[in-house]
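Listed below are the residues making up each chain.
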Amino acid sequence: LLGAGIRVLEMPEPLPTPLVAYCVKALGAAAGIMITASHNPPQDNGFKLYAADGAQIVPPHDQAVERLANAAAAPRLGDRSSELHSVVAPQVLGEYQRHFVERFGVPFGSVLRVTYTPLHGVGGVSLMNLLAAAGFGAVTPVATQFVPDADFPTLAFPNPEEPGALDHAIATAERSSSTLVIANDPDADRLGAAVRGPDGWRVLRGDEIGWLLASELLSDLNATNGVLATSIVSSTMLKKMAQDAGVRFVETLTGFKWIARAGGDDGLRFGYEEALGFAVDPVVADKDGLSAALALCHLAHHLAQQGQTLLDRLDEIESRFGVHAVAQLSLRCDGPDAMSVIAASLERLRATPPTHLGGIAVSDVIDLESGWHGLAPTDGLVLKLGERGRVVVRPSGTEPKLKAYVEILGDSGPDESLVEQRARAQAQLSAASEELSERLKF
């Protein structure tokens, strides 16, 4: 970049991805580049490219970048002695912290006991500093996972979504008497969480964290001051919550490059995706695991003051808007023909879709390649289950996987408790998921 005559502001050290997105807007840069494998294995190293609005690029710009990269000759190299080179000043990053402390801080401090793990990634120091500045002084880091380490020695796969990824954190939380566990993925743009309940620890799903954060943020919103957004693979609960609050809701294609821009001129006030991505403030036009972690701690603190937990808030949400049972199927295919095998599986489903799933009739089949609700065409199918839920099937955009996102809405009987409603919806969810998995298997 320096050799091409471009002014470059370099981050002072390895730092979380959302700080790059923040700096693009804060510094008025033309673009932002983040070198990362995110939560993927090292062989997936690549880069995220942000446009001047601080959000990831979308078509046709991504195709243009790939075309130009493939056609590029050997670059002319500059070096850091160039007058075009400078380092992002500490006060710029300090402004990020000040903004979120002002928004989600606890002025007189919190006694909430939290355990935190960055999963061997770059989020550790940044989030610990942010939490301390916001008044959360009882935070215990997971020592064995705090220092960045690209070998991820304590993890089979460095993704907080993966089963067992929070085991070290929960063990630390037991020793430190924490009631909340929070985790970032290695580049700290995602947030995972677990809550201590009456029956032990419960790891929250991405949709559940999204509902909780929405319940915290909606109190400050109305029809004139912002937009809520999520993607077609996330729960339909957010739409109901937004409509109840009189706030505009937008549904997008998968990915934060779409969610971040969903607000248009009105601005995105909250957006999330079930894969643990959350955007809680428009100063960062991407998912941000740091500010989302602080917002979740802020909510947990205020609930604790009322003798409640995050699990109590989830009960309130589903009691009000109905039970929403969700699950994700992820079918990996390896080998040189992986993509064609995945495409063939999806094509079979397209040709002969099921008539029932989990005992619920499939009311409609929507081919996303033809577009849907004004969205751009994409590869995938939506199987609607009437008023009882829906299934979205699509190939992963980053891995050789076929993914399915299943949501079953509770159908409560007379005088049925929330526990009973959840159990029945979960049973139907499991049955539907098993039937779908059998149809999609390679």
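Quick summary incoming for the structure in this document.

Conventions and cut-offs
Along each chain, residue indices are assigned from 1 in the same order as the chain's sequence is written. With the structure being a predicted model, the display of local features is reserved for residues of pLDDT at least 70 and the display and counting of side-chain atom pairs for 80 or more, all residues being used for whole-chain, interface and lining totals. Each side-chain value is derived from all of the structure's non-hydrogen atoms; neither hydrogens nor water enter the calculation. Put simply, DSSP H or I for four residues or longer makes a helix, DSSP E for two residues or longer makes a strand, and each gets a number counted from the N terminus. Based on C-alpha atoms, the radius of gyration is set beside the globule rule, defined as 2.2 Å times the residue count to the power 0.38. Any residue under 20% of the maximum accessible area for its type is buried, any over 50% is exposed, and the rest in between are partly exposed; the area is computed with a 1.4 Å probe on protein chains only. Whether two residues are in contact is decided by their heavy atoms, any of which lying within 4.5 Å being enough. A 1.4 Å probe and the Shrake-Rupley method give the accessible areas. Residues count as covered only by the protein chains that appear here. His residues and chain termini do not enter the charge count, which takes Lys and Arg as positive and Asp and Glu as negative. To locate a charge, take NZ of a lysine, CZ of an arginine, CG of an aspartate or CD of a glutamate. Patches in this entry comprise residues that are over 30% relatively accessible and not in a salt bridge; like charges within 9 Å are linked, as are nonpolar side chains (Val, Leu, Ile, Met, Phe, Trp, Tyr) within 5 Å. By definition here, a salt bridge exists when the distance from a side-chain nitrogen of Lys or Arg to a carboxyl oxygen of Asp or Glu is within 4 Å. Strand pairing is defined by DSSP finding a minimum of two bridges between the two strands. Every angle, taken between N-to-C directions, lies between 0 and 180 degrees, and every axis is a line fitted to C-alpha atoms, over only the stretch in contact when it is a helix. The rule is short: rings of Phe, Tyr and Trp, with Trp giving its six-membered ring, pair when the centres are within 6.5 Å, and they are stacked under 30 degrees, edge-to-face over 60, tilted in between. To qualify as a nonpolar core, a set must consist of buried Ala, Val, Leu, Ile, Met, Phe, Trp, Tyr and Cys residues joined through side-chain atoms within 4.5 Å. A clockwise turn of the near helix away from the far one marks a right-handed crossing, whereas an anticlockwise turn of less than a right angle marks a left-handed crossing. Ten residue types, Ala, Val, Leu, Ile, Met, Phe, Trp, Tyr, Cys and Pro, are classed as nonpolar, four, Asp, Glu, Lys and Arg, as charged, and the remainder, Gly among them, as polar.

1. What about the overall build of the chain?
Moving on, step 1. Looking only at helices and strands, the chain features twelve helices and 20 strands.
Moving on, step 2. Taking 442 residues into account, the globule formula puts the C-alpha radius of gyration at 22 Å, and the chain, at 22 Å, falls close to it.
Moving on, step 3. Once the C-alpha set of the chain is aligned to its principal axes, its extents read approximately 70 × 55 × 50 Å.
Moving on, step 4. Relative to its 442 residues, the chain shows a buried fraction of 52%.
Moving on, step 5. Sequence-distant contacts in the chain: of pairs separated by 6 or more residues, those separated by 24 or more amount to 66%.
Moving on, step 6. Within the structure as shown, the chain displays about 20,000 Å² of accessible surface, and the carbon and sulfur contribution to it stands at 53%.
Moving on, step 7. Across the chain, the mean location of the 36 positive side-chain charges is 2 Å away from that of the 54 negative side-chain charges.

2. Points about a nonpolar patch on the surface
Moving on, step 1. A contiguous nonpolar patch, built from L1, I6, I33, I35, F47 and V65 and spanning about 570 Å² of accessible area, is present on the exposed surface.
Moving on, step 2. As for its placement among the helices and strands, V65 is situated in helix α2 (residues 61-71).
Moving on, step 3. Residue class for V65 comes out partly exposed when judged on its relative accessible area of 31%.

3. Observations concerning the sheet that holds strand β18 (residues 381-384)
Moving on, step 1. Reading across from one edge, β14-β20-β19-β18-β17 is the order of the five strands in this open sheet, with antiparallel pairing throughout. A single partner strand is all that each edge strand has here, and the edge strands are β14 (324-332) and β17 (364-367). Sheet twist, expressed as the average angle between the axes of neighbouring strands with direction ignored, equals 15°.
Moving on, step 2. Relative to strand β20 (residues 401-409), strand β19 (residues 389-395) runs antiparallel, the two sharing seven bridges.

4. Notes on the packing of aromatic side chains
Moving on, step 1. For the structure on display, the rule yields five aromatic pairs.
Moving on, step 2. A network of ring pairs unites the aromatic residues Y22, Y96, F100 and F104 as a single cluster.

5. Observations regarding the nonpolar core
Moving on, step 1. F136, L180, I182, L213, F270, V280 and L310 are the most contacted members of the largest nonpolar core, which totals 69 residues.
Moving on, step 2. Here this core gets ten residues from one element, more than from any other, and that element is helix α9 (residues 289-305).
Moving on, step 3. In this view, V280 contacts F100, R103, F104, L213, L217, R269, F270, S291, A292 and A295; residues no more than four positions away in its chain are not counted.
Moving on, step 4. Listed in part, the 27 residues of the second largest apolar core include L346, L357, V362 and L385.

6. A word on the pattern of salt bridges
Moving on, step 1. Scanning the entire structure with this criterion turns up 24 salt bridges.
Moving on, step 2. The salt bridge involving E174 is made with R196; its shortest N-O contact spans 3.5 Å. Within this pair, whereas E174 is found in helix α5 (residues 167-176), its partner R196 is found in strand β8 (residues 191-197), the two being separated by 22 residues in sequence.
Moving on, step 3. A salt bridge links R205 to E208; the nearest nitrogen and oxygen atoms lie 3.5 Å apart.
Moving on, step 4. Residues joined in a network through salt bridges with shared partners are E347, R350, D367, E369 and D379.

7. Considerations on the sheet that holds strand β11 (residues 248-252)
Moving on, step 1. Ordered in space as β11-β10-β12-β13, the four strands form an open sheet in which the pairing is mixed. In this open sheet, the two edge strands, each paired with only one partner strand, are β11 and β13 (277-279). With strand direction ignored, the average angle separating the axes of adjacent strands in the sheet is 15°.
Moving on, step 2. Strands β12 (268-273) and β13 of the sheet are contacted by helix α6 (residues 206-217), whose axis makes an angle of about 165° with β12.
Moving on, step 3. Sitting on the sheet, helix α7 (residues 237-245) touches β10 (227-231), β11 and β12, and the angle it makes with β10 is about 165°.

8. What about the pairing of strand β7 (residues 180-184)?
Moving on, step 1. Of all five residues in β7, five are buried, a share of seventy percent or more.
Moving on, step 2. The two faces of β7 match: L180, I182 and N184 on one face and V181 and A183 on the other face are all buried.
Moving on, step 3. In the sheet, strand β5 (residues 114-117) pairs with β7 via four bridges, with the strands oriented parallel. Residue Y116 lies in a different strand from β7, and its bridge partner there is I182.

9. Re the packing of helix α4 (residues 124-133) against α9
Moving on, step 1. Taken N-terminus to C-terminus, the directions of α4 and α9 make an angle of 35°; their axes are 10 Å apart at the nearest point. Handedness of the α4/α9 crossing: right-handed. In this structure, α4 contributes S126, L127, L130 and L131 to the contact, and α9 contributes L290, S291, A293, L294 and C297.
Moving on, step 2. By residue class, the composition of the contact of α4 with α9 is seven nonpolar, two polar and no charged.

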